[in-house]
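Inside the fold
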Amino acid sequence: MLSNHLQNGLETAKLVWSRLPNSEDGELDELGTSKKNDGSSVESLDYEVIENYAYREEQAQRGKLYVGYYVVVKWFLALLIGIGTGLAAVFINISVENFAGWKFSLTFSIIQKSYLAGFFVYVLINLVLVLSSVYIVTYFAPAASGSGIPEIKGYLNGVDTHGILFFRTLVGKIFGSIGSVGGGLALGKEGPLVHTGACIASLLGQGGTTKYHLRSRWLQIFQSDRDRRDLVTCGCAAGVAAAFRAPVGGVLFALEEVTSWWRSQLMWRVFFTSAIVAVVVRSAIGWCKSGKCGHFGSGGFIIWDVSGGQEDYSFEELFPMAVIGVIGGLLGALFNQLTLYMTYWRRNFLHKKGNRVKVIEVCLISLITSTISFGLPLFRKCTPCPTSDSESGIECPRPPGMYGNYVNFYCGKEKEYNDLATIFFNTQDDAIRNLFSAKTIHEYSAQSLLTFLVMFYSLAVVTFGTAVPAGQFVPGIMIGSTYGRLVGMFVVSFYKKLNIEEGTYALLGAASFLGGSMRMTVSLCVIMVEITNNLQLLPLIMLVLLISKAVGDAFNEGLYEQQARLRGIPLLESRPKYQMRYIKAKDACRSQQVLYFPRIVKVADIVSMLKSNKHNGYPVIDHKRNGETLVIGIMLRSHLLVLLQSKVDFQHGPFTSDSRGGSLPIRHNLSEFVKPVSSKGITIEDIHLSSDDMEMYIDLAPLANPSPYIVPEDMSLTKVYNIFRQLGLRHIFVVPRASHVVGMITRKDLLMEENEDSVAMELQSTSKE
């Protein structure tokens, strides 16, 4: 009998946990990095629906009106996420563009009299902006450092890193990005915008924040991790859509890069959110065209229109384009490896010396970056302006920091420009726009491009991982467009064709470096097409992305995967390891001891069990009168803590709640068991029980999950892995092979039809299969 098997194999039946190491264990990964993450716990999320008696009774009381309200609020929140993320992006971009515009305008007016005075003013402004950013992150919102994409990817994969979705993290991300990007560091604001969108979505999903008294009760209906996961997915897509004005690219980015769970209903909401973001951003740009946004004009929101560039390409150009893909794969893989070593050194040595060291480090990097961007163009000889072309609409020269090519910097004559200052002493958005520009052949010399490539590549490696919000999209585009333009210069001189544009090769270089570093393909391809407004280049972008990703994969993992592993975020990738097919489920959990509770358990035993280990789930068993043992479900640690804290389920004797007949009593609302996003929840140390309380008993049956996922002990670990990841589970029971079959479910059993006479759903006939 199945019950006999359960009884005989209970001691050997193993519980395959989520295989996520508890941060309290202090385990080390391959690099020796502690998985404790500076005291912030890393814990699995409960994406599984806990179908206990309390859940079923609450669902039975809900009618069609509540279901309709639930759906309407979901779509309304998707609308609010789009509006909120769009407005946050507008605020960040306007602030960055105005700070940068004021900085370059003031510096340019001063250098007309003294370049030395202009240098000190330029360095000082950058230092103040960067200092404000690192101070906010270090002392107010530590979780706001970096891009935030590895942490959000871990959250959607089922890993909860404490602090990543706090309100103060959102504030730190927004104002920290303004300071770090406006201060001229070699980083971007696009990654932080993804994190910003996720924070906005999470805060809206929980109805606001209690700590800062910003809370709405009527929005507090999404109390499960499953619903919050869907909202955070919408926020991630909204962040990309706001950063690049690429709504379709945002949807594909959420699908390809960050989510582990996807369904058609979620696709609709994500698409709707991205569309709302596009409308908000477009409205803001239209409003700013009237001059109401200060220095914010054509720049700011990243879109580099190359539709007027190269219209066609020949077969001979495919080889140099393939070379660009190889270069992107090599440089991208090298960038990942160097940033991995730098981040490892920072986390394990430098940043352990305290917050003051973090501030000093970022300030030193700011001084070095400002010195290089201002000083190197001084050593570059100016070039006479080309013959003006009225059709191109390009004027020569222009002052630094202004929209356009041909920057006049430290030139002896009025009609000269400094090609190195055009890309170095400029905002990153305008520098990329200049590199992508068409009809500007011979604007840059190979020496200037090579100098910029080496210096900016080094600065990007050193800056990534510091204690400021830092995205890697724009620096990657800067690096790739530089060597892409270099290749384009050689192609122009070699093939002697007039229809070849260097800006086209710069675009392909940008795509190749991002593909070689981040290993994205579909979403990145669509984003590059959307931000350049040139669909004709789609086949070429696909070509270089495929090549760069293949080359990069031959050396190491993608940038976000490496950073997640270094931060102790145990991601479950889309495919299990090859050797898992030779490992059985019982072998995977052989070293673990199963800790379980009986159905009727003494309060003192619960407290002792919770204090003796850090497990988050416990099997619940029951003994029948004939001696048989049954596994009746699983009880989560968080639910046990709620029972101990409330004390309403305490009873004086070891009897079951339904021993007098009738149904199980439900004394709790499901909202009591929701873990708040803004805190770690209660711990066993927070609960105070008297000696009389410790002698009481609790019946766990009403709140235990009676339908946990169960696999046989000889199932391959590959199958277990796929079930675990695709269903978003936290625990799986491993039991001996059963000897009795109750029934068999086929596809037809899962097809349901609605009875016209009643609202109830009936199963279709399955007499034949």
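Residues numbered from 1 in each chain as written. Predicted model: local features only at pLDDT ≥ 70, side-chain atom pairs only at ≥ 80, totals over all residues. Heavy atoms only, no water.

1. A closer look at the overall build of the protein
Along its length, the protein carries 25 helices and 16 strands. Residues classed as buried in the protein amount to 54% of the 769 residues present. Residue pairs at least 24 apart in sequence account for 78% of intrachain contacts in the protein once pairs closer than 6 positions are excluded. Carbon together with sulfur atoms contributes 59% to the accessible area of the protein, which is approximately 34,300 Å² in total. (Helix = DSSP H or I, 4+ residues; strand = E, 2+ residues; numbered from the N terminus. Buried < 20%, exposed > 50% of the residue type's maximum accessible area, 1.4 Å probe, protein only. Contact = heavy atoms within 4.5 Å. Areas by Shrake-Rupley, 256 points an atom, 1.4 Å probe, with all protein chains shown as cover.)

2. Things to note about the packing of aromatic side chains
Scanning the model with the defined rule gives 23 aromatic pairs in all. Ring geometry for Phe 91 versus Phe 175: centroids 5.8 Å apart, planes at 75°, classification edge-to-face. Taken together, the residues Phe 91 in helix 3 (residues 64–111) and Phe 175 in helix 6 (residues 167–182) connect sequence positions 84 residues apart. Phe 91 sits in the partly exposed class, given a relative accessible area of 39%. An aromatic cluster is present here, built from Phe 104, Phe 119, Phe 120, Tyr 122, Phe 374 and Phe 425 joined pairwise through their rings. (Phe/Tyr/Trp six-rings, centres within 6.5 Å; stacked < 30°, edge-to-face > 60°.)

3. A look at the state of the cysteines
What the rule picks out here adds up to one disulfide. There is a disulfide in this structure between Cys 382 and Cys 411, and the S-S distance comes to 2.1 Å. Taking the torsion about the S-S bond as the criterion, the Cys 382 to Cys 411 disulfide, at about -85°, is left-handed. Taken together, the residues span a long stretch of sequence, with Cys 382 in the loop between helix 12 (355–375) and strand 6 (383–384) and Cys 411 in the loop between strand 6 and strand 7 (416–417) at a distance of 29 residues. On the basis of relative accessible area, Cys 382 is assigned to the buried category, the value being 12%. (Disulfide = S-S within 2.5 Å.)

4. Digging into the sheet that holds strand 8 (residues 597–598)
Taken in spatial order, the three strands make up an open sheet running 8-10-11, and their pairing is mixed. Each of the sheet's edge strands pairs with one partner strand only, and the pair in question is strand 8 and strand 11 (629–636). In terms of strand pairing, strand 8 meets strand 10 (residues 617–623) through two bridges, oriented parallel. In the strand pairing of strand 10, Phe 597 is matched with Val 620. In the packing of helix 23 (residues 637–646) onto the sheet, contacts are made with strand 8, strand 10 and strand 11, and the angle to strand 11 comes to roughly 80°. (Pairing = 2+ DSSP bridges. Axes fitted to C-alpha atoms, helices over the stretch in contact; angles between N-to-C directions.)

5. Considerations on the nonpolar core
Residues Phe 473, Met 528 and Ile 541 are the most contacted members of the largest nonpolar core, which totals 118 residues. Residue contacts for Met 528: discarding those within four places in its chain leaves Leu 507, Ala 510, Ala 511, Leu 514 and Ile 541. Tyr 618, Leu 640, Phe 650 and Phe 673 belong to the second-largest nonpolar core, a separate cluster that totals 26 residues. (Core = buried A, V, L, I, M, F, W, Y, C linked by side-chain atoms within 4.5 Å.)

6. A few points about a nonpolar patch on the surface
A cluster of nonpolar side chains, namely Val 67, Val 71, Trp 75 and Trp 268, defines an oily patch on the protein surface of about 410 Å² accessible area. With three residues, the single largest contributor to the nonpolar patch is helix 3. With respect to the helices and strands, Trp 268 occurs in helix 10 (residues 264–292). (Patch = residues over 30% accessible without salt bridge, like charges linked within 9 Å, V, L, I, M, F, W, Y side chains within 5 Å. Salt bridge = Lys/Arg side-chain N within 4 Å of Asp/Glu carboxyl O.)

7. Here we look at the environment of Arg 346
Looking at the secondary structure, you find Arg 346 in helix 11 (residues 318–350). Residues Arg 346 and Gly 465, spaced 119 residues apart in sequence, show a C-alpha to C-alpha distance of 7.8 Å. Those residues in contact with Arg 346 that sit more than four places away from it in its chain are His 351, Lys 352, Glu 361, Ile 365, Val 462, Thr 463, Phe 464, Gly 465 and Thr 466. Looking at Arg 346, its side chain comes within polar contact range of the side chain of Glu 361, at 2.3 Å. (Polar contact = N/O pair within 3.5 Å; in protein donor to acceptor, adjacent residues only side chain to side chain.)

8. Some words on helix 6
Since the α-helix advances by 3.6 residues per turn, residues separated by three or four positions end up pointing in the same direction. Helix length check: helix 6 (16 residues) gives 23 Å between terminal C-alpha atoms against 22 Å at 1.5 Å per residue, within 8%. Considered for burial, the residues of helix 6 that qualify are Thr 169, Leu 170, Gly 172, Lys 173, Ile 174, Gly 176, Ser 177, Ile 178, Gly 179, Ser 180, Val 181 and Gly 182. Looking one or two residues past helix 6, Gly 184 carries a phi angle of roughly 80°, positive in sign. (Expected span 1.5 Å × (residues − 1).)

9. Considerations on the side chain of Asn 418
Counting through the fold element by element, Asn 418 comes out in the loop between strand 7 and helix 13 (419–424). Residue Asn 418 is classed as buried on the basis of its relative accessible area, which comes to 0%. Looking at Asn 418, its side chain comes within polar contact range of the main-chain oxygen of Pro 377, at 2.8 Å. Setting aside anything within four residues of it in sequence, one finds Asn 418 in contact with Pro 377, Arg 380, Cys 382, Val 407, Phe 409 and Cys 411.

10. Quick word on the packing of helix 11 against helix 16 (residues 473–495)
A packed helix pair is summarised by two numbers, namely the angle formed by the two axes and the spacing between the axes. At a closest axis distance of 10 Å, the pairing of helix 11 and helix 16 adopts a crossing angle of 155°. One way to sum up the angle between helix 11 and helix 16 is to call them roughly antiparallel. In this structure, helix 11 meets helix 16 at a crossing whose hand is right-handed. Every residue of helix 16 that contacts helix 11 at Pro 320, Ile 324, Ile 327, Gly 328 and Leu 331 is listed here: Tyr 483, Gly 484, Val 487, Val 491 and Tyr 495. (Parallel < 35°, antiparallel > 145°, perpendicular 65-115°, else oblique. Left-handed = near helix turned anticlockwise from the far one by under 90°.)

11. Observations regarding the environment of Met 518
Tracing the backbone shows Met 518 in helix 17 (residues 502–518). The class of Met 518 is buried, set by a relative accessible area of 1%. A C-alpha to C-alpha distance of 10.0 Å links Met 518 and Gly 329, two positions 189 residues apart in sequence.

12. Structural notes on the packing of helix 14 (residues 428–436) against helix 16
For the pair helix 14 and helix 16, the least separation of the axes is 10 Å and the interaxial angle reads 25°. Considering their axes alone, helix 14 and helix 16 lie roughly parallel with respect to each other. Helix 14 and helix 16 meet at a crossing whose hand is left-handed. Contact residues: helix 14 offers Gln 428, Ala 431, Ile 432, Asn 434, Leu 435 and Phe 436, while helix 16 offers Val 474, Pro 475, Ile 477, Met 478, Ser 481, Thr 482 and Arg 485.

13. Examining the pattern of salt bridges
Between side chains of opposite charge, a pair can form as their charged atoms come close. Throughout the structure, instances matching the rule amount to 21 salt bridges. A salt bridge links Asp 230 to Arg 229, with the nearest nitrogen and oxygen atoms 3.9 Å apart. Grouping residues by exposure puts Asp 230 and Arg 229 together as buried. The salt bridge partner of Asp 699 is Arg 599, with a shortest N-O separation of 2.9 Å.

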